[in-house]
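# Examining the three-dimensional arrangement
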Amino acid sequence: MKTRPSSLESVTCWRAKFMEAFFSHVLRGTIDVSSDRRLCDQRFSPLLHSSRHVRQLTICNMLQGATELVAEPNRRVLETLASSLHTLKFRHLLFSDVAAQQSLRQLLHQLIHHGAVNQVSLYSWPVPESALFILILTMSAGFWQPGPGGPPCRLCGEASRGRAPSRDEGSLLLGSRRPRRDAAERCAAALMASRRKSEAKQTARAVPPTRVTRRSTQENLTAGGTDPKRELHPPATSHEAPGTKRPPSAPATTSSASASSSTSSSKRAPASSAPQPKPLKRFKRAAGKKGTRTRQGSGAESEDLYDFVFIVAGEKEDGEEMEIGEVACGALDGSDPSCLGLPALEASQRFRSISTLELFTVPLSTEAALTLCHLLSSWVSLESLTLSYNGLGSNIFRLLDSLRALSAQAGCRLRALHLSDLFSPLPILELTRAIVRALPLLRVLSIRVDHPSQRDNPAVPGNAGPPSHIIGDEEIPENCLEQLEMGFPRGAQPAPLLCSVLKASGSLQQLSLDSTTFASPQDFGLVLQTLKEYNLALKRLSFHDMNLADCQSEVLFLLQNLTLQEITFSFCRLFEKRPAQFLPEMVAAMKGNSTLKGLRLPGNRLGNAGLLALADVFSEDSSSSLCQLDISSNCIKPDGLLEFAKRLERWGRGAFGHLRLFQNWLDQDAVTAREAIRRLRATCHVVSDSWDSSQAFADYVSTM
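Not measured: the values here are computed from a predicted model. (Residues numbered from 1 in each chain as written. Predicted model: local features only at pLDDT ≥ 70, side-chain atom pairs only at ≥ 80, totals over all residues. Heavy atoms only, no water.)

Moving on, we get to the overall build of the chain. Secondary structure assignment for the chain yields 24 helices and 19 strands. Counting over 704 residues, the chain shows a buried share of 49%. Of the roughly 33200 Å² of accessible surface on the chain, 52% is carried by carbon and sulfur atoms. (Helix = DSSP H or I, 4+ residues; strand = E, 2+ residues; numbered from the N terminus. Buried < 20%, exposed > 50% of the residue type's maximum accessible area, 1.4 Å probe, protein only. Areas by Shrake-Rupley, 256 points an atom, 1.4 Å probe, with all protein chains shown as cover.)

Below, the structure is given as structure tokens:
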């Protein structure tokens, strides 16, 4: 099938891995089933045969495979997937029509609400389609309402089938030919109405006024036999008699305003202030098609998922109607992210939800961020959340508010948070303090910001800074952090802020600092002293891309720590200054440390001399119990490696574990390198590669 598993993936059963890949290829049509007579046998189903081995399913592009899986001939395939599938991934999603989204809705309902899927991941979606993104989020959170016109779910039973909406809820539902929406989807639909209003204004400016008339607008809205006023009203329910008369059809410019004001108050806003129903911008179906699609015809009428939604808007005291987008955005300006002026999520049916949500390179618009925050505030089953390069900006404050609300919920299970982005309106240490205060029960926190940003300030009315309840000088309460990973942008970091986080994390077992810069070696020493006094449970410590050339005494202090089991100095320029004096001191400290099990020194220009000096750690008079050594990318040559192997043989220490030799200059003498690795394998497990050092040097020079 010409597929290769990722090098980061550990394959425990190759048969199951093959069947999983086979299932995906057959589902997408990349394997021609008709080319093999055994696969064409009517008594045999390739999808059904391989479905029980599928643990991970990826849906790509235009939701290929979703419609096939929910089809009646594949009912047994879907039932098998519901019990075997654990991870659902979406990659490179593009435009999808309403039919494909309806199929995806049924698929998610079966796999998540009635299945065993506990992880949903979205990858590389540069321009997310709001309707599809919100659908995936709300279904993953366990909220679902079947469409009145859709088939009822066999597994839900009579209690889950389409029910008659109440009087107050019915005004927020779509027409009879539209799927019913839960509160979070209605929230995003209301927010998007303000965007449609601005698009309508721009279109009105571009089109000559003589061509925009009441008659033409009315004809466009009623194309395909659709009455705009009838479409806006909910279907008849037990609270409304079927024969109840409705007001006559009004012009399109006033239909939305009259509908929204009828549900919120008896007053009516001016027609000019109401948003016009405007279709969303979507991707083209194919690159070869030119021109703009028209909205006429019954087929085009059903394509837009958000056409003719009911918008509930609050009214100002002076009688003017506010835009629904302003209402929703203003509601999250406070501390409660669920105060959107919309019905609570409890109005929808609640089903099983996932425990792991991952969003990689999926830019979040304002409405998408609001929907995510609205769902997070009550998503108690969520255990791990990953938000990677989503362009949150000032929406990070709304996220913190929703996480604080989630932490206050009984039964909150969120224990791991991974957050990374290009920019942040908050310095990374202040953001870390805010997260730890909002989620005191968090066990794993990974946070990374690539670039400092002074321009992306939060838009708080009347206040140029962040909300006062997020940033404060009060002490951080004791938390449950066990693993903390931080990637810093360039620039000196205040050591006292980092120390305040470490002091409150008494259960910390693993700490990783990436690209951290301190104003002086004394600040770095202050951090290390804090670790020694307050983090007694710390076992693993990692530093990456840090200039520790002037912090040799602090490095020796770490190597003498008798609680650490693994230390990593990756590309830290350890031996840039005074190598002849520092190496013996470092070896002496390691020889007296009996608790250190692993030492990783990649990218520190150790060289042959440094490698031979490290060999003394394994001498007969050493009490070291080191069993893992990483000396990758250290300019080691074959002759130096051979001498290192001979010294280990001479001392007869026996097998000491793993030795990593990636990206060293072993290709300069292949025969000597093979002999050295052969000798080393008698004492340890060697992991190396065939690295072309000359080509790597040429690549380095070409980028200078």
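What follows deals with the confidence of the model for the chain. One rule of thumb: low pLDDT means the predicted coordinates there are not for detailed reading. Put simply, the chain has an average pLDDT of 75, and 66% of its residues get 70 or more. Every residue in residues 158-185 is under pLDDT 50, and counting partners more than four places away or in other chains gives 89 contacts. Taken as a whole, residues 455-464 scores under 50 in pLDDT and shows 15 contacts with residues more than four places along the chain or in a different chain. (pLDDT = per-residue confidence, 0-100. Contact = heavy atoms within 4.5 Å.)

Within the structure shown, the criterion is met by 19 salt bridges. Put simply, Glu566 and Arg540 hold a salt bridge, and the shortest N to O gap is 3.9 Å. Placement of the pair is Glu566 in strand S15 (residues 566-570) and Arg540 in strand S14 (residues 540-544), with a sequence separation of 26 residues. Of the residues examined, Arg540 reaches a relative accessible area of 40% and is grouped as partly exposed. Members of the salt-bridge network, linked through shared partners, are Glu649, Glu675, Arg678 and Arg679. (Salt bridge = Lys/Arg side-chain N within 4 Å of Asp/Glu carboxyl O.)

Before going further, it helps to spend a moment on the environment of Ser377. Assignment of secondary structure puts Ser377 in the loop between helix H14 (366-376) and strand S7 (384-388). Note: C-alpha distance between Ser377 and Leu403 (26 residues apart in sequence) is 6.2 Å.

Okay, helix H5 (residues 98-113) next. The end-to-end C-alpha distance of H5, which contains 16 residues, comes to 21 Å, matching closely the 22 Å that a straight helix rising 1.5 Å per residue would cover. Of all 16 residues that make up H5, 13 are buried, and the element is covered over most of its length. (Expected span 1.5 Å × (residues − 1).)

In this structure the tally under the stated criterion is eight aromatic pairs. With a centroid separation of 5.9 Å and an interplanar angle of 45 degrees, the aromatic rings of Phe575 and Phe582 are classed as tilted. For the pair formed by Phe575 and Phe582, the shared burial category is buried. What links up through ring pairs into an aromatic cluster is the set Phe518, Phe524, Phe543 and Phe569. Just above the ring of Tyr123 sits the side chain of Arg91; from NZ or CZ to the centre is 4.1 Å. (Phe/Tyr/Trp six-rings, centres within 6.5 Å; stacked < 30°, edge-to-face > 60°. Lys NZ or Arg CZ within 6 Å of the ring centre and 35° of its normal.)

This part takes up the packing of H14 against helix H15 (residues 395-407). To describe two helices that pack against each other, one gives the angle between their axes and the distance between the axes. One can describe the packing of H14 onto H15 by two numbers: an axis separation of 8 Å at closest approach and a directional angle of 15 degrees. If you check the angle between H14 and H15, you find them roughly parallel. In this structure, the crossing between H14 and H15 has a hand that is right-handed. For the pair H14 and H15, contact is made by Thr366, Ala369, Leu370, Cys373 and Leu376 and by Asn395, Arg398, Leu399, Ser402, Leu403 and Leu406, respectively. (Axes fitted to C-alpha atoms, helices over the stretch in contact; angles between N-to-C directions. Parallel < 35°, antiparallel > 145°, perpendicular 65-115°, else oblique. Left-handed = near helix turned anticlockwise from the far one by under 90°.)

Following both chains from N to C, one finds helix H4 (residues 75-84) and H5 inclined at 45 degrees, their axes separated by 8 Å at the closest point. As the angle between them shows, H4 and H5 are arranged oblique. Along the contact surface, H4 presents Leu78, Glu79, Leu81 and Ala82, while H5 presents Leu107, Gln110 and Leu111. The class makeup of the residues in the contact of H4 with H5 is five nonpolar, one polar and one charged. (Nonpolar A, V, L, I, M, F, W, Y, C, P; charged D, E, K, R; others polar.)

So, on to helix H22 (residues 638-651). For H22, with 14 residues, the first-to-last C-alpha span of 20 Å sits near the 20 Å given by 1.5 Å per residue. Of all the residues in H22, the buried ones are Pro638, Gly640, Leu641, Leu642, Phe644, Ala645, Leu648 and Trp651.

Here we come to the pairing of strand S2 (residues 87-91). Successive side chains on a regular strand alternate, one facing one side of the sheet and the next facing the other. Taking burial as the measure, the five residues of S2 include four buried ones, the bulk of the element. Where strand S1 (residues 56-60) and S2 come together, five bridges link them in parallel fashion. Bridge pairing in S2 places Leu57 opposite Leu88. Pairing analysis gives five bridges linking S2 to strand S3 (residues 119-123), with the strands arranged parallel. Bridged to Leu88 within S3 is Val120. (Pairing = 2+ DSSP bridges.)

Of all five residues that make up S15, five are buried, and the element is covered over most of its length. Residues Glu566, Thr568 and Ser570 line one face of S15 and the alternating positions Ile567 and Phe569 line the opposite face, and both faces are buried. Where S14 and S15 come together, five bridges link them in parallel fashion. Pairing of Phe543 across the sheet is with Phe569, part of S15. Read from S14 through helix H19 (residues 552-559) to S15, the crossover connection turns out right-handed. (Right-handed = clockwise from strand over helix to strand, strands pointing away.)

On to the side chain of Ser624. Structurally, Ser624 can be placed in the loop between helix H21 (607-614) and strand S17 (628-630). Reaching out from Ser624, the side chain makes a polar contact with the backbone nitrogen of Leu626 at a distance of 3.2 Å. (Polar contact = N/O pair within 3.5 Å; in protein donor to acceptor, adjacent residues only side chain to side chain.)

Right, let's get into unusual backbone geometry. Backbone geometry at Tyr389 places phi at a positive 55 degrees, although glycine is not the residue there. Mapped onto the secondary structure, Tyr389 falls in the loop between S7 and H15. Judged by relative accessible area, which is 29%, Tyr389 ranks as partly exposed. At Ser515, a residue that is not glycine, the phi angle is positive and equals roughly 60 degrees. In this structure, Ser515 sits in the loop between strand S12 (510-514) and strand S13 (517-518). Under the relative-accessibility criterion, Ser515 is labelled buried at 9%.

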